[in-house]
Amino acid sequence: MNYQYVLLIGILVAAVCISGCTGDDPAAPKPAAGPVEPGQVLYLTGQVTGEGVLHGTIDTITLTTGLVTGEPPLNMEDVTIIYADAVRTETLIPVEGFRGEPPQGTWSVVAVNGELGSPNNRMEYEEQFVLRLNPSSPLVPRQVITIIITPKGTTPLTIRRVSPPTILEQNNILANL
């Protein structure tokens, strides 16, 4: 009679082991945050913020971008950034070397979250590039802006925001439209 219990326990243990090995496929990677258009390789992550003059204007805009799941590495040297507001549209040029604080009319990489290897201008899937834009003219309160980031040969990442009604020196969050 004891061998029946041993046999039953053996069958149950085998069933548990087999059921653990024949489950569903592993979960697919999570898609990028926010809507991603077909052909788009970049996505926006986190807030779009600005720094400027207290009760005045916003001089620089900071945002973080990531690479959409499954896309090959992206060379930031092949990216075009266009800034537009109610009065003007301008193509911002990268700072020399692509790193550092940008003067007016330029953009730069100010940090890389999760950087792989030595610093370079190639965005890998695991990395997020923190970009800083310094348009030729500062933002005033309640100003609507559009930022278009276009990697060569892909669908652009279009960001539309409005500046806050009261400008602070730091951490001005530009609200979604």
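The shown structure was predicted, so the numbers you read here are calculated from the model rather than taken from an experiment.

## Regarding the overall build of the protein
- Within the protein, the regular secondary structure consists of one helix and 12 strands.
- Reading the helices (α) and strands (β) of the protein from amino to carboxyl end gives α-β-β-β-β-β-β-β-β-β-β-β-β.
- Of all 177 residues assigned to the protein, the portion counted as buried reaches 37%.
- Within the protein, residue pairs in contact and separated by at least 24 positions form 58% of the contacts whose partners lie at least 6 positions apart.
- Put simply, the protein shows about 10,300 Å² of open surface, and 57% of that area lies on carbon and sulfur atoms.

## As for the sheet that holds strand β10 (residues 157-162)
- Strands sit in the order β11-β1-β2-β8-β6-β5-β4-β9-β10-β12 across an open sheet of 10 strands; the sheet is mixed. Bordering the open sheet on either side are β11 (172-173) and β12 (175-176), each of which pairs with just one other strand.
- Where strand β6 (residues 106-113) meets strand β8 (residues 128-134), seven bridges bridge the pair, whose relative direction is antiparallel. By the bridge assignment, Trp107 is partnered in β8 with Leu133.

## A word on the pairing of strand β2 (residues 58-67)
- By the criterion of burial, β2 is predominantly enclosed, with nine of the 10 residues buried.
- What sits between the antiparallel neighbours strand β1 (residues 42-52) and β2 is a turn of five residues, in which His55 has the positive phi angle 60°.
- Here β2 runs beside β8; their pairing, made up of six bridges, is antiparallel. The residue of β8 that forms the bridge with Thr62 is Arg132.

## Considerations on the side chain of Thr64
- Along the chain, the position of Thr64 falls in strand β2.
- Excluding residues within four positions of it along the chain, Thr64 makes contact with Tyr43, Leu44, Thr45, Asn113, Gln128, Phe129 and Val130.

## Overview of the pattern of salt bridges
- According to the stated counting rule, one finds four salt bridges in the structure shown.
- Between Glu115 and Arg99 there is a salt bridge, and its shortest N-O distance comes to 3.7 Å. Placement of the pair is Glu115 in the loop between β6 and β7 (122-123) and Arg99 in strand β5 (residues 89-99), with a sequence separation of 16 residues.
- Among the ionic pairs, Glu101 bridges to Arg132, the shortest N-O distance being 2.5 Å. Taken together, the residues span a long stretch of sequence, with Glu101 in the loop between β5 and β6 and Arg132 in strand β8 at a distance of 31 residues.
- Owing to a relative accessible area of 56%, Glu101 belongs among the exposed residues under this scheme.

## Topic: the nonpolar core
- In this structure, Leu63, Ile81, Trp107, Leu131, Leu133, Ile147 and Ile149 are the most contacted members of the largest nonpolar core, which totals 30 residues.
- Elements with a contribution of two residues or more to this core: β1, β2, β4 (79-84), β5, β6, β8, β9 (144-151) and β10.
- Considering each element in turn, this core owes the most residues, four residues, to β2.
- Residues within four places of Ile81 in sequence aside, it is in contact with Glu90, Thr91, Leu92, Trp107, Leu131, Leu133, Ile147, Ile148 and Ile149.

The rules behind each value
- Residues numbered from 1 in each chain as written.
- Predicted model: local features only at pLDDT ≥ 70, side-chain atom pairs only at ≥ 80, totals over all residues.
- Heavy atoms only, no water.
- Helix = DSSP H or I, 4+ residues; strand = E, 2+ residues; numbered from the N terminus.
- Buried < 20%, exposed > 50% of the residue type's maximum accessible area, 1.4 Å probe, protein only.
- Contact = heavy atoms within 4.5 Å.
- Areas by Shrake-Rupley, 256 points an atom, 1.4 Å probe, with all protein chains shown as cover.
- Pairing = 2+ DSSP bridges.
- Salt bridge = Lys/Arg side-chain N within 4 Å of Asp/Glu carboxyl O.
- Core = buried A, V, L, I, M, F, W, Y, C linked by side-chain atoms within 4.5 Å.

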